[in-house]
Amino acid sequence: MLKKRDDFEDILEERRRSSDLRYALRCYTPTLYRGLVPCKASMLKSIVLQSDHLQYVIKQVSSESGESTEGVSEEASLILDEMAHCLQLSTIRFFAFTLSKAFKRLFRSVCVNEEGIQRLQQAVQEHPVVLLPSHRSYMDFLMMSYLLYTYDLPLPVIAAGMDFMSMKFVGEMLRMSGAFFIRRSFGGDKLYWAVFSEYVKTMLRNGYAPIEFFLEGTRSRTCKSLTPKTGLLNIVMEPFFKGELFDVNLVPVSISYERILEESLYARELLGIPKPKESTSGLLKARRVLSEDYGSMYVYFGHPVSVRSLAEGKINRSQYNLLPRYIPQKPSADTHEFLSDAAFRLVRIQEENMVLKPWVLIATLLLQNPDGLDLSSLAEQTDWLRHLALAFGAFLDWPDHEACSEVVSCSLALHRHLLSVSAGHVQLSVTDVPQVETTPEEAVFHQAVVVLSCASYRNQILHVFLRPALLAMAMQSANSNRKDDVYNGFNFLRKVFSNEFILCPGDSVQDFEEACYLLMKRGVLQVLEHEIVMSASGHSTLAFLSSVLDPFLQGYQVVCRYLCEETNENLTEKEFIPAVRSFALKLILAGNTCYEALSSDLQKNALAAFLRLKAVRKLCLFTFLFLCHTGGKIPTQKPILARL
Amino acid sequence: MASNSSSAQQRLRIIAGHLQKRPEEENASVAAQECKAEAPRSEPSSATPVPRRRQEIMKWNGWGYSDSRFLFNKKGQAEFTGKRYRLSGLILPSLKDWFEGTFGANLQHRSPATPSLNLSAVAPPHLNQPFVEDLKAAGLSVSHDPEDRVFRAHGHCLHEVFALREGRIGRVPDVVVWPSCHNDVEKIVELACKHNVCLIPYGGGTSVSSALECPREETRSIVSLDTSQMNRILWIDEKNLTAHVEAGIIGQDLERQLNERGYCTGHEPDSMEFSSLGGWVATRASGMKKNIYGNIEDLVVHIKMVTPRGVIEKSCLGPRMSTGPDIHHFILGSEGTLGVVTEVTLKIRPVPEYQKYGSVVFPNFQQGVACLREVARQRCAPASIRLMDNEQFQFGHALKPQVSSIFTSFLDGLKKFYITKFKGFDPHHLCVATLLFEGDRGKVLQHEKQVYDIAAKFGGLAAGEDNGQRGYMLTFVIAYLRDLGMDYYVIGESFETSVPWDRVLDLCRNVKERIVRECKERGVQFPPLSTCRVTQTYDAGACVYFYFAFNYRGLSDPVHIYEQVEHAAREEILANGGSLSHHHGVGKLRKEWMKASVSGVGLGMLKSVKEYVDPQNIFGNGNLL
């Protein structure tokens, strides 16, 4: 289970020793793809506009809409202008300089696995490369380009959301550093889709540059990996499916932060305090962040995953034989399944290679003990948890020769704004709130910000505990020790939480076995042929594991209760979140501690899960929800809810 | 730019004309035979060139005539023995370097073949005595001599030849029978049905689809029906330009005998020295000059085939019919599973007045394919047009014989300088198209100009007749070269496909790369030779031919690795929109993909035809279905 992982190298060390200016102006000669068709950014546009695919769609759109083909072509050209990047080395050099300065102020170190870089160097030469970083912060793609520049790798072109474009100056800067902009939603717009997909594919086919995009689609506000999107993945795989490329290398990249820059911003956003619109002035105001200590940052380049080997035996490429390849084809059911499976696998690789700091363990413990802990017992429990996490394969960066108490106090110092420490007692609490009179509601929200911030650290390690925790919960709620009973409970929980966590659809047996194996290895369980029995010493581990998921279960229960108790027949989707939020607020004010139920992320996931499980029905797009709840219709859910 | 290059080209040609006497240009009626083996002139054409005991003139464990083979002489120079070919007796100075450089082979490391057939390794025949006696009573020529039987137990797949070279003999036919006319065949088939024996028709023995292998599960006596003695041209109809020919005749004899009467069929598959008319029909063969004459299905007017149900044929010689599905198409490509083709009426044409080779060099393969596509679009393809990739271009170069005159070598140097330095072609990317024009002189020259003009638009430079001719020579000697490779731990083979134009480049690249990759994954130490060429153009696509060979020193089961790689390459072809086969056929080698290729219903149709025609499975070679 314990994987061999590469060692890290701190790239800031070199930056602290030598001139940033010289670094920004140094000779940059990236290794190139051997099949590279050299072409300029401007030529790229005309290749795209003249491609058979786009021409076909233009004619189609024109005949459907009655507009002239020239008109539609013009429109396509405008879309492309709005979208296209114009990568310039000078901009990259500018960023190399300024980011060096910024990174040195923000971070103690930026650690990169150099073996991963070497593998990437190899991969870049062999086949077109797609970089798939995790997305936790705005820093992510700046950092990616910065690193690739540092290591003399070709600079990526990056799929970015259109919202950046509205930041006047910065948008253009990003464009010049290789970002291209996609509208957030263009569901039915055939022409837009055609321009966009052809643009990406052309760059890939010609080996123009590595394509970089975020599988999760957006920054995760909770630091949990988000359910991956498959649209762009399909676009970058299609040239392989259609035989236009021999192979495509997908490189999952895990970027983790000891302390996230957007920490409290995210918490506020989740609590419904609206996200400030991206603007240049907003960014400047955020300068304050520059004066704080964000610890270390880790970037782990995973092993390149060949699309060809992923698709081996799963995709029958001859399905593309009977249609000219420029005619867009909706992915078949098989392809869909494959894409989603591949996307999940890639996100899991990202998760596994995510570096975890001791603070993550401490945050987990503090959340489980809302009344706080003594320092000594915190240290003791952290140490215990550390061993459990390691046994489950966590990628934990624990300082080598330091006493546990030392490590704990260092972590506490870095995250002191979330804590109150007095007389050897640590507790999560509001620290920097002015001591003016606040309403009880405000106080709840202040506390919730702290809890959600802290939860975002705990969430980083959830993927390690997830499967055993689901098993622990299933065992607690099962009526017997029989293996299939436990499995049914496990499977049900898995279904309920599949919007919340990364659980590959169709992997439930594997997940179950993995959970059994891990807990057995740890001596917590004995797995017999038909029974699963808890061992004498296993109680504390199981208790810990199931309380890891407790906040989620509680949150889902709150949503459920809201749907059962508060709503009449119809509810619009828009009203849902604020309504659940105030419902949860009421519960908290009445003494419940379900702070995480205030998170809009959890609320949305719960609703999506209920929809998927057909406990809730959507009547018509965007408007009404009809509940066909009333306990009896969702019988399997009962025992679990009853237990709480 | 184009006019510039063509005027420069013109100048070069003039220089060439001054420097070299070109006797060929005067006697313009030289036929394609220049490349292939020439039958001794003294022999009367009515004599049978293929004896019953083929092993007397042909190798029992390799390709072609016993007297013709490549070898490295004591000085380490490659030479080609015998007198039959243009290359015969010549030294090929650059072959050794190419061979060692391409395969990492070494002349010190030899892997010689078993010199002669070990008769004790051949299982005694499992005879159906009453059948054999009935055959003899009918006056048919029969043999169960082990050499005769072994000779007819294989085609020329790598695994078949490799096993023979190692002296391993598998299941072989138990009896060989030589019918000498249609009636003989009827008799044999009737007796086979009566005695329930398995018949495997045997024509030229050049199959590369395991079609001649005896099925392992066959428990009946297996009889090889050798058609070689049915080799007469029965009549020629000059009014309708047709010839009625017995199906056992081999390509070169047919062509030579027709030539003597002033005609030709124009059907010239690369195997035409040895392959038979019946074999062409049974595999849906394709000839290199199909652009003028058509493939075998375009050439046949009438086919007579003996099946267990009786004789199948059409009632007239009408050029086209609307009488339901064409019954010829049940026969064409039936691969010996339904019966024996005995007589065929073929279209013939007057021997062309003038023939001219040519070649064009392109800066890269993409440009070359684009040019061929344009030629096909304008429907002005010469008799033959083939595009070799860079590796094959270099391969062709390695086969250049020692030049006799200092002027020729000077000229070669000049050409090379012109192309690589003056025109800036990268020697590691350039590729060459070989051309063959045929027809009356004026039209050929006009046609030639049209094609070269198109080529110029794609950056192509005319590169002379020699290069063209050498390209075609390569196809006739390639099989001999494989035997040379096998003497030095190098094994290889070719396979082909057909594919729509827009996928040609992708398919070529992907299949070549797949081969390289599969070899690497299977522990082949030295990168393989993985090369392709586009050999035929059609309105809607092209035929692509792959050569694949590697050095197997240090591998315990090279043939198995070879087969795995070829299997993977075929998967890749199918995944890239290529067909299962353009003209080699399915045999037993590619059977597993038949259903996916023609759909379950399609396969069912074919099976039901087999069921009706041959319910006892007398023609039990197990091909195709």
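Within each chain, residue numbers correspond to sequence positions counted from 1 in written order. Whichever chain is written first becomes A and whichever ligand is written first becomes 1, with later ones labelled in order. pLDDT decides what is reported in this predicted model: residues at 70 or higher carry local features, side-chain atom pairs at 80 or more are listed and counted, and totals for whole chains, interfaces and linings draw on all residues regardless. Hydrogens and water are ignored here; the side-chain numbers use all heavy atoms of the structure.

The name recorded for chain B in an unreviewed UniProt entry is Alkylglycerone-phosphate synthase, from Cyprinus carpio carpio. UniProt positions are given in the numbering used here, feature names are shortened, and annotations may be inferred rather than shown by experiment. As its UniProt record puts it under Subcellular location (unreviewed entry), chain B is described as follows: "Peroxisome membrane". UniProt annotates chain B under Sequence similarities (unreviewed entry) with the comment "Belongs to the FAD-binding oxidoreductase/transferase type 4 family."

Under an unreviewed UniProt entry, the name given to chain A is Glyceronephosphate O-acyltransferase, and the source organism is Cyprinus carpio carpio. Under the heading Pathway (unreviewed entry), UniProt records this for chain A: "Phospholipid metabolism." Taken from UniProt, the Subcellular location (unreviewed entry) comment for chain A reads in full: "Membrane".

S.K.: Pulling in residues and values, what's your account of the overall build of chain A?
M.R.: Counting from the N terminus, the helices are the DSSP runs of H or I reaching at least four residues and the strands are the DSSP runs of E reaching at least two. If you tally the helices and strands in chain A, you get 25 helices and 17 strands. The atom set for the radius of gyration is the C-alpha atoms, and the globule formula is 2.2 Å times the number of residues raised to the power 0.38. In terms of overall dimensions, chain A is globule-like: its C-alpha atoms have a radius of gyration of 26 Å, near the 26 Å expected for 644 residues. In chain A, 78% of the contacts between residues at least 6 apart in sequence involve partners at least 24 apart. Every accessible area reported is derived by Shrake-Rupley at a probe size of 1.4 Å, with residue values counting cover from the shown protein chains alone. For chain A, the accessible area works out to roughly 27500 Å², and carbon and sulfur atoms hold 55% of it. Residues are treated as being in contact if the distance between any of their heavy atoms lies within 4.5 Å.

S.K.: Could you give an account of the overall build of chain B, naming the residues involved and the relevant values?
M.R.: Helix and strand content of chain B: 20 helices and 21 strands. Over its C-alpha trace chain B gives a radius of gyration of 24 Å, about what one expects of a compact globule, namely 25 Å for 625 residues. A principal-axis box enclosing the C-alpha atoms of chain B has dimensions of 75 × 60 × 55 Å. The long-range fraction of contacts in chain B, counting pairs at least 24 apart against all pairs at least 6 apart in sequence, stands at 78%.

S.K.: Break down the environment of R522 of chain B for me, citing the residues and quoting the values.
M.R.: Residues and elements named next belong to chain B. With respect to the helices and strands, the residue R522 is situated in the loop between α18 (504-521) and β20 (529-537). Relative accessibility decides the category of a residue: with a 1.4 Å probe and only protein chains considered, values under 20% of the type maximum give buried, values over 50% give exposed, and everything between is partly exposed. Owing to a relative accessible area of 28%, R522 belongs among the partly exposed residues under this scheme. As a C-alpha pair, R522 and Y562 span 40 residues in sequence and 9.6 Å in three-dimensional space. With residues near it in sequence (within four places) discarded, R522 still touches L555, I561, Q564 and V565.

S.K.: Can you tell me about the pairing of strand β16 (residues 384-388) of chain B, naming the residues and giving the values?
M.R.: Residues and elements named next belong to chain B. Among the 5 residues in β16, 5 count as buried, and that is most of the element. Pairing between strands requires that DSSP locate at least two bridges from one strand to the other. In this structure, β16 lies alongside strand β17 (residues 431-439), joined through 5 bridges in antiparallel fashion. Across the sheet, residue L387 finds its bridge partner in β17, namely A433. As judged from the 2 bridges shared by β16 and β20, these two strands associate in the antiparallel manner. By the bridge assignment, M388 is partnered in β20 with R533.

S.K.: Residue-level account of the UniProt feature "site: Important for enzyme activity" (unreviewed entry) in chain B, with values.
M.R.: Residue and element names in this part refer to chain B. Mapped onto the present numbering, the UniProt feature "site: Important for enzyme activity" (unreviewed entry) falls on R386. By secondary structure assignment, the location of R386 is in strand β16. Residue class for R386 comes out buried when judged on its relative accessible area of 5%. Beyond its immediate stretch of four places on either side in the chain, R386 contacts D270, M288, V432, A433, T434, Y472, T475, R533, V534 and T535. Within 3.5 Å is the distance limit for a polar contact, defined as a pair of N or O atoms, with the added protein rule that one can donate a hydrogen and the other accept it, and that residues adjacent in sequence qualify only through two side-chain atoms. Reaching out from R386, the side chain makes a polar contact with the side chain of D270 at a distance of 3.1 Å.

S.K.: I'd love a proper account of the sheet that holds strand β13 (residues 340-347) of chain B, names of residues and values included.
M.R.: Residue and element names in this part refer to chain B. With antiparallel pairing, 5 strands are arranged side by side in an open sheet as β8-β9-β13-β11-β12. Edge positions in the open sheet fall to β8 (233-237) and β12 (310-312), since each of these has one partner strand only. For this sheet, the mean inter-axis angle between neighbouring strands, taken without regard to orientation, is 10°. Between the N-to-C directions of two axes lies an angle of 0 to 180 degrees, each axis being a line fitted to C-alpha atoms and, for a helix, fitted only over the stretch in contact. With respect to the sheet, helix α7 (residues 182-195) is in contact with β11 (300-307), β12 and β13, its orientation differing from that of β11 by roughly 35°.

S.K.: Break down the interface of chain A and chain B for me, citing the residues and quoting the values.
M.R.: At the junction of the two partners, chain A supplies 16 residues and chain B supplies 13 residues. Interface area, chain A with chain B, both sides summed: about 1200 Å², of which 31% is carbon and sulfur. Salt bridges are counted wherever a side-chain nitrogen of Lys or Arg sits within 4 Å of a carboxyl oxygen of Asp or Glu. In this assembly, chain A and chain B are joined by 6 salt bridges. Seen at the junction of chain A and chain B, the total is 11 residue pairs in polar contact (both at pLDDT 80 or more). By definition, the buried area sums, over both parts, the 1.4 Å-probe accessible area that each loses when the two are put together.

S.K.: Please give an account of the pairing of strand β11 (residues 419-422) of chain A that cites residues and values.
M.R.: All names here are of chain A. For β11 and strand β12 (residues 425-428), the ladder comprises 4 bridges, and the chain directions are antiparallel. By the bridge assignment, S420 is partnered in β12 with Q427. If you look at the hairpin formed by β11 and β12, you'll find 2 residues sitting between the two strands, and A423 has a positive phi there, around 50°.

S.K.: Can you tell me about the packing of helix α6 (residues 89-106) of chain A against helix α9 (residues 168-176) of chain A, naming the residues and giving the values?
M.R.: Residue and element names in this part refer to chain A. For the pair α6 and α9, the least separation of the axes is 8 Å and the interaxial angle reads 110°. When the axis of α6 is compared with that of α9, the two are roughly perpendicular. Residues T91, F94 and F95 of α6 touch α9, and the partners they reach there are M173, L174 and M176. Among the residues making up the contact of α6 with α9, the classes are represented as 5 nonpolar, 1 polar and no charged. Orientation is classified from the angle alone, with under 35 degrees giving roughly parallel, over 145 giving roughly antiparallel, 65 to 115 giving roughly perpendicular, and any other angle giving oblique. Classification convention: Asp, Glu, Lys, Arg as charged; Ala, Val, Leu, Ile, Met, Phe, Trp, Tyr, Cys, Pro as nonpolar; all other residues, Gly among them, as polar.

S.K.: Which residues make up the pattern of salt bridges, and what values go with them?
M.R.: Once the charged atoms of two side chains with opposite charge are near each other, the side chains can pair. On inspection of all chains with the given rule, the structure shows 75 salt bridges over all chains. Ionic pairing is found between R386 of chain A and D383 of chain A, a salt bridge with its closest N-O pair at 3.3 Å. One end of the pair, R386 of chain A, and the other, D383 of chain A, are both in helix α17 (residues 375-391), 3 residues apart, so they sit about a helical turn from each other. Here R386 of chain A falls in the partly exposed class, since its relative accessible area comes to 21%. Residue class for D383 of chain A comes out partly exposed when judged on its relative accessible area of 26%. One salt bridge in this structure joins D539 of chain B and R379 of chain B, with 2.5 Å as the shortest N-O distance. Highlighted residues: D539 of chain B in the loop between β20 and β21 (541-551) and R379 of chain B in the loop between α13 (365-377) and β16, separated in sequence by 160 residues. The class of D539 of chain B is partly exposed, set by a relative accessible area of 45%. Residue R379 of chain B is classed as exposed on the basis of its relative accessible area, which comes to 65%.

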